[in-house]
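Next come the chains, spelled out residue by residue.
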There are 4 protein chains.
Amino acid sequence: MEKRARVLIDCEDAKGLVYEISKVFYDRGLNIDNNREFVDKEYGRFFMRTVVSGLFDTQELLDTLKSVTPAAAHIRVIEPEDKKIILMVTKESHALGDILIRHADGELGAEIECVIGNHDTLEELVRRFDIPFFYIPADDMSREEHEEHVMKLINEFEFDYIVLAKYMRILTSTFVKSYTQKIINIHHSFLPAFIGANPYKQAYERGVKIIGATAHYVTDDLDEGPIIAQDVIPVNHRLTWRDMQRAGRDGEKIVLSRALSLVLNDRVFVNGNKTVIF
Amino acid sequence: MEKRARVLIDCEDAKGLVYEISKVFYDRGLNIDNNREFVDKEYGRFFMRTVVSGLFDTQELLDTLKSVTPAAAHIRVIEPEDKKIILMVTKESHALGDILIRHADGELGAEIECVIGNHDTLEELVRRFDIPFFYIPADDMSREEHEEHVMKLINEFEFDYIVLAKYMRILTSTFVKSYTQKIINIHHSFLPAFIGANPYKQAYERGVKIIGATAHYVTDDLDEGPIIAQDVIPVNHRLTWRDMQRAGRDGEKIVLSRALSLVLNDRVFVNGNKTVIF
Amino acid sequence: MEKRARVLIDCEDAKGLVYEISKVFYDRGLNIDNNREFVDKEYGRFFMRTVVSGLFDTQELLDTLKSVTPAAAHIRVIEPEDKKIILMVTKESHALGDILIRHADGELGAEIECVIGNHDTLEELVRRFDIPFFYIPADDMSREEHEEHVMKLINEFEFDYIVLAKYMRILTSTFVKSYTQKIINIHHSFLPAFIGANPYKQAYERGVKIIGATAHYVTDDLDEGPIIAQDVIPVNHRLTWRDMQRAGRDGEKIVLSRALSLVLNDRVFVNGNKTVIF
Amino acid sequence: MEKRARVLIDCEDAKGLVYEISKVFYDRGLNIDNNREFVDKEYGRFFMRTVVSGLFDTQELLDTLKSVTPAAAHIRVIEPEDKKIILMVTKESHALGDILIRHADGELGAEIECVIGNHDTLEELVRRFDIPFFYIPADDMSREEHEEHVMKLINEFEFDYIVLAKYMRILTSTFVKSYTQKIINIHHSFLPAFIGANPYKQAYERGVKIIGATAHYVTDDLDEGPIIAQDVIPVNHRLTWRDMQRAGRDGEKIVLSRALSLVLNDRVFVNGNKTVIF
């Protein structure tokens, strides 16, 4: 039966890679519906994303591709289907709400397994959409204890990504390392400006004329992970930092949803501390 | 001797094109420094731009590529060197000035053969840069007569593109057809809004909150040719149409220079009345 | 008791207006928390929006302001409280959803009296938020008949604005004239480009490099009413018109919500077919 | 004789200021052509810029305004005429060239007294415009010695502003303090991101998706002075840092010219380490 797959290849660069890979598709009579490559000259790294359709055996295709690419090549053949995600939130509804509406509309491209809040503020909103909400308060316990509760819950689910939709707690190294390249965060500034707490207040005090939002993978270094998407909003002297915070929310939710869409469509490669986006 | 070339292919889509073409490069041991393709599914059209380097005979490479692509394929193998351009202007200096400064800096990527003005306002500015300026007034003559003078002059030069840097006269069909896909214009609106005369006045009267500029190939249909680049600038009720005109100039010059850079680097394919830009 | 009001004045320009008006506030010992004026020199029209606080009698303040301004001055003294709105929708959920989330969050600054759909697609979503949804199908009836049903329903409510959140039917002159300066629409293009049906398809076919969205008051002339807010999104040759439509949705919902916020905060004056926005 | 002036007032906030000030204009029968105020609630500071026209004595107007405003009020009554500026440059021509073209066009609103370079690279370009160029090399001398030479030259001129049009040397505290609120710089990043050397390289290495430019007053703290204007440009993984540098130049020159225009039109108030811009 005809099927469709996204082929993602990420390896050391070498002469003839496009030829060798396209030959594999050609020999099997596959259609190339979409194809993009990029070579990072600085690090000698090759990235390719091809959407193929036709008659093929996924494992056989993967094995053959491995045989024509450098030894440590990272190759994935993904048959599109809805990914599974877990959302983590605190009190603000805008980023969560944007995702819930897209999900209700069937536009998100992912199943929401559950929403976890360190406050119960958003429980009512989530329940309106018949999605499980788990309230895991952090009172009277250490960061480590709280995360243990969260991880215990998370690990009951199968999931592809954890999305921090304005989750306002810093995660420990242990947590982050348990889900490498699986945690997506929205930071409410134009990184690397205003790292850390209350970026709108920082932006207000610095008197900037443009504020922004940044979606990124979460790594061990706070606010330093690979950036997926950014956007900006013009501001002026009339805005207090609360006004900036309010104005910034639209940017935050749009940037997070755009990043999520890129990730769910397998369009993002992590390249060291940067991303390649097709 | 090692050399470098931009290979541009534009043809009917067919299965295996990427394979066949990359095989040609592979068989000659060429390096692929950069590669982008696009298939227009609606019209079944394939576009590819590859930068190759290595030892090759340009004619032999071209012939071989023709032998592996559909019959009517449009293939070019271009060894990068400065293109030649002719500028046409009226009275406003901003778009011309931006190009002159880039040229003086060696950043333009083109030789300016001459500047032709239907007014002599800009003669002094052009002469400061030791570039020939020809004043061809349009007084007391028909549009056709004026263009005959202009074309007589133009045809004394070898050139790749005619750049209308705020040339404020409408060109006849005869003129346009003489230089197909060779005339680049900057229109001072966000096309297709405000086609025709005085777009800033139109924008002011319509009360828009954003104005723009559009660089496009000139075709027989006024302001309807394939768009290369566009940009926008926010405006508000405080601006008169003269203010909008002034504010719009920065957008105009930047968009024209960006479009010119794309064209001079052979990054633009014309696809019907649209463009594919790599 | 101390209170707060927005004073909106819109009148023929005259010498000394700022002085006369500020004297009224000064004589009553009112604080000016915020103040903006604009004079449209072309039409000799004065606009002023002042937020005052202190002890005052609303009617007395209004009467005094009338006595110091030109005869036909349009003056409002508005004590901020939630406005009331009616939403009209068809099948797409993004603009509606954005408003529902803001409403649930208490951020909208308006009560939603009801949602009216000419399809029942969005009924489930609206009901999740415990807001009345009325399905008024248009099958087997004339435009006029359908609107009669809609108007009968609308007129049962008290409301300040009707918001067309992607309501995909053209309204008759009768309908529009019944609610002058009370209907806000989101048009899915960068007006005045691509007036009429299917603007994304038009944009795709024209090959533009930027698409947009426009929120405007609805007047008798289709897509020609005073513009409140606009925004744009860059696109490229890779996007089909369906992709543009998808990408454009974020712009649509943000622009509509921004326009709605301006209107609900009494920051928009209609000035002929344009707007003054403070 | 009728004349026109910009009245700039910057003082501690107090009740009735708009009334008291507009009364001064009213009593003299002056027209208000343009008026904007702003109150910084956080610091209790009042800013007003009014363009008045009519018959008045400048000194008398100034004295009366002083008598109705708080003791330490900073009040200026400026009759518009071309300001005088000194440009400082290093090797890059884009920001300088943009200013030269505007100047040649009569659009700049300032006389260029001279251009000072710490390299002679741009001497030829400046001479084309018949503007004095002074080459003051920094070789074999301390920062202080070099600046002494520069200051000796600068102090021979009357001028309103020193514009650093990509002057790539750090200025000492002594230099900066000699010209408080008179030095305008263009920094080639979206401050406060990428303070210091080679921001494009920093941006490339951080993998940001947007780069920017910032025009600001120069203060003792490197890259920390009050921001006047900012703008951004989207980038992607295909750009090397050299490509970013090239792409960023357009932003730099436009932002610097926009800031310069604001400053020359007396539209910028410095408010602590921020700006109020009318």
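What you see is a predicted model; the values in this text were computed from it and never measured.

Conventions we followed
Residues numbered from 1 in each chain as written. Chains lettered and ligands numbered in written order. Predicted model: local features only at pLDDT ≥ 70, side-chain atom pairs only at ≥ 80, totals over all residues. Heavy atoms only, no water. Helix = DSSP H or I, 4+ residues; strand = E, 2+ residues; numbered from the N terminus. Rg over C-alpha atoms; globule rule 2.2 N^0.38 Å. Buried < 20%, exposed > 50% of the residue type's maximum accessible area, 1.4 Å probe, protein only. Areas by Shrake-Rupley, 256 points an atom, 1.4 Å probe, with all protein chains shown as cover. Lys, Arg positive; Asp, Glu negative; His and termini not counted. Charge placed at Lys NZ, Arg CZ, Asp CG, Glu CD. Contact = heavy atoms within 4.5 Å. Buried area = accessible area lost by both parts, 1.4 Å probe. Salt bridge = Lys/Arg side-chain N within 4 Å of Asp/Glu carboxyl O. Polar contact = N/O pair within 3.5 Å; in protein donor to acceptor, adjacent residues only side chain to side chain. Least-squares fit on C-alpha atoms with pLDDT ≥ 70 in both. Pairing = 2+ DSSP bridges. Axes fitted to C-alpha atoms, helices over the stretch in contact; angles between N-to-C directions. Domains from an automatic or database assignment. Parallel < 35°, antiparallel > 145°, perpendicular 65-115°, else oblique. Left-handed = near helix turned anticlockwise from the far one by under 90°. Nonpolar A, V, L, I, M, F, W, Y, C, P; charged D, E, K, R; others polar. Right-handed = clockwise from strand over helix to strand, strands pointing away. Expected span 1.5 Å × (residues − 1). Bend = angle between axes of the 7 residues up to and from the residue. 1 Å grid on protein atoms, 1.4 Å probe; cavity = no way out; pocket = protein on both sides within 12 Å on 5 of 7 lines; lining within 4 Å. Points joined across faces, edges and corners; volume = space filled by probe spheres on them.

(A) A look at the overall build of chain A. For chain A, the helix and strand inventory stands at eight helices and 13 strands. Taken over the C-alpha trace, chain A has a radius of gyration of 21 Å; the compact-globule value for 278 residues is 19 Å, and the two agree within 12%. Its C-alpha atoms give chain A principal-axis dimensions of about 60 × 40 × 35 Å. Relative to its 278 residues, chain A shows a buried fraction of 59%. Within the structure as shown, chain A displays about 11,300 Å² of accessible surface, and the carbon and sulfur contribution to it stands at 47%. For chain A, the separation between the mean place of its 35 positive charges and that of its 45 negative charges on side chains is 5 Å.

(B) Structural context of the interface of chain C and chain B. Counting residues at the interface gives 33 residues for chain C, matched by 33 residues for chain B. With both sides pooled, the region where chain C packs onto chain B buries about 2,900 Å², and carbon together with sulfur makes up 56% of that total. When the buried surface of chain C facing chain B is broken down by residue, C:Arg206, C:Lys209 and C:His237 rank first, second and third, together holding 25% of it. At the boundary of chain C and chain B, one finds two salt bridges. One salt bridge connects B:Arg206 with C:Glu224, and the closest N-O pair in it is separated by 3.6 Å. In this structure, the connection of chain C to chain B is made through 20 residue pairs in polar contact (both at pLDDT 80 or more). Only strand E2 (31-40), helix H7 (199-206), strand E11 (227-234) and strand E13 (274-277) of chain C provide two or more residues apiece to the side of chain C that touches chain B. For the side of chain C that touches chain B, the element with the highest residue contribution is E11(C), accounting for six residues.

(C) Representation of unusual backbone geometry in the model. In the segment running from B:Leu191 into B:Pro192, the intervening peptide bond is cis, with an omega of 5°. Structurally, B:Pro192 is set in the loop between strand E9 (183-187) and helix H7 (199-206). Even without being a glycine, A:Phe194 presents a positive backbone phi close to 60°. The residue A:Phe194 is located in the loop between strand E9 (183-187) and helix H7 (199-206) in this model. A relative accessible area of 11% places A:Phe194 in the buried class. Residue C:Asp140 is not a glycine yet carries a positive backbone phi of 55°.

(D) Quick look at the relation of the copies chain C and chain B. Mapping chain C onto chain B calls for a screw motion: a turn of 180° about the axis and a shift of 0.0 Å along it, with 0.0 Å RMSD after fitting. Interpreted geometrically, this transformation is the action of a two-fold axis. Relative to the rotation axis, the closest C-alpha in chain C is found at C:Ala193, a distance of 2.2 Å. Comparing interface residues between copies, 100% of those in chain C also lie at the interface in chain B; the contact surface is shared.

(E) Representation of the sheet that holds strand E9 (residues 183-187) of chain D within the structure. Residue and element names in this part refer to chain D. One open sheet accounts for seven strands, arranged E7-E6-E5-E8-E9-E10-E11; its pairing is mixed. Pairing within the sheet leaves two strands with one partner each, and these edge strands are strand E7 (133-135) and strand E11 (227-234). Ignoring strand direction, the axes of neighbouring strands in this sheet form an average angle of 20°. Of the strand pairs in this sheet, strand E5 (residues 83-89) and strand E6 (residues 110-117) are connected by seven bridges, and their pairing is parallel. Looking across to E6, one finds that Ile-86 is bridged to Cys-114. Against the sheet, helix H8 (residues 241-264) makes contact with E5, E6, strand E8 (161-164), E9, strand E10 (210-217) and E11, and its axis sits at roughly 155° relative to E11, the strand it touches most.

(F) Broad picture of the domain arrangement of chain A. All names here are of chain A. Considered domain by domain, chain A is made up of domain 1 (3-78) and domain 2 (83-277). Between domain 1 and domain 2, the residue contacts involve twelve residues of the former and nine residues of the latter. Overall, the association of domain 1 and domain 2 removes approximately 960 Å² of surface from exposure, summing both partners, and the carbon and sulfur fraction of that is 50%. For domain 1, the biggest contributors to the area lost against domain 2 are Arg-6, Phe-47 and Arg-49; these three give 47% of the whole. The salt bridge involving Asp-266 is made with Arg-6; its shortest N-O contact spans 2.8 Å.

(G) Layout of the pattern of salt bridges. For the structure shown, the criterion picks out 92 salt bridges over all chains. One salt bridge in this structure joins D:Asp130 and B:Arg128, with 3.0 Å as the shortest N-O distance. Of the two residues, D:Asp130 sits in the loop between helix H4 (123-128) and E7 while B:Arg128 sits in helix H4 (residues 123-128), which places them in two different chains. With relative accessibility at 63%, the residue D:Asp130 sits in the exposed group.

(H) Highlighting the packing of H7(A) against helix H8 (residues 241-264) of chain A. Residues and elements named next belong to chain A. At a minimum axis distance of 9 Å, the contact between H7 and H8 shows a crossing angle of 120°. For the element pair H7 / H8, the angle class is oblique. Pair H7 / H8 crosses with right-handed handedness. Touching Tyr-200, Lys-201, Ala-203 and Tyr-204 of H7 are Trp-241, Met-244, Gln-245, Gly-248, Arg-249 and Glu-252, all from H8. Its residues assigned to classes, the contact of H7 with H8 shows five nonpolar, two polar and three charged.

(I) Looking closely at the pairing of strand E5 (residues 83-89) of chain B. All names here are of chain B. Most of E5 is tucked away, with six of its seven residues classed as buried. Taken together, E5, helix H3 (residues 94-104) and strand E6 (residues 110-117) constitute a β-α-β crossover, and its handedness is right-handed. The sheet contact formed by E5 and strand E8 (residues 161-164) spans four bridges and is parallel. The partner of Leu-87 across the bridge, within E8, is Val-163.

(J) Representation of H8(D) in the model. Residue and element names in this part refer to chain D. With 24 residues, H8 extends 33 Å between its outermost C-alpha atoms, agreeing within 8% with the 34 Å of an ideal straight helix rising 1.5 Å per residue. Along H8, the helix axis deviates most sharply at Gly-248, where the bend reaches about 30°. Of all the 24 residues making up H8, 18 are buried; the element is thus mostly covered by neighbouring parts of the structure. Of the residues one or two after H8, Asp-266 is the one with positive phi, at around 55°.

(K) A look at empty space enclosed by the protein. This structure, assessed with the given rule, holds six cavities of 30 Å³ or more. Space inside the largest cavity adds up to approximately 180 Å³. As for the largest cavity, its lining consists of 22 residues, of which A:Asp98, A:Lys253, C:His94, C:Asp98 and C:Lys253 are closest to the centre. Sorting the residues of the lining of the largest cavity by element identifies helix H3 (94-104) and H8 of chain A together with helix H3 (94-104) and helix H8 (241-264) of chain C as the ones contributing at least two each.

(L) The arrangement of the relation of the copies chain D and chain C in detail. Here chain D sits on chain C after a turn of 180° about the axis and a move of 0.0 Å along it, with an RMSD of 0.0 Å. Here 100% of the interface residues in chain D have copies in chain C that are interface residues too; the copies meet face to matching face.

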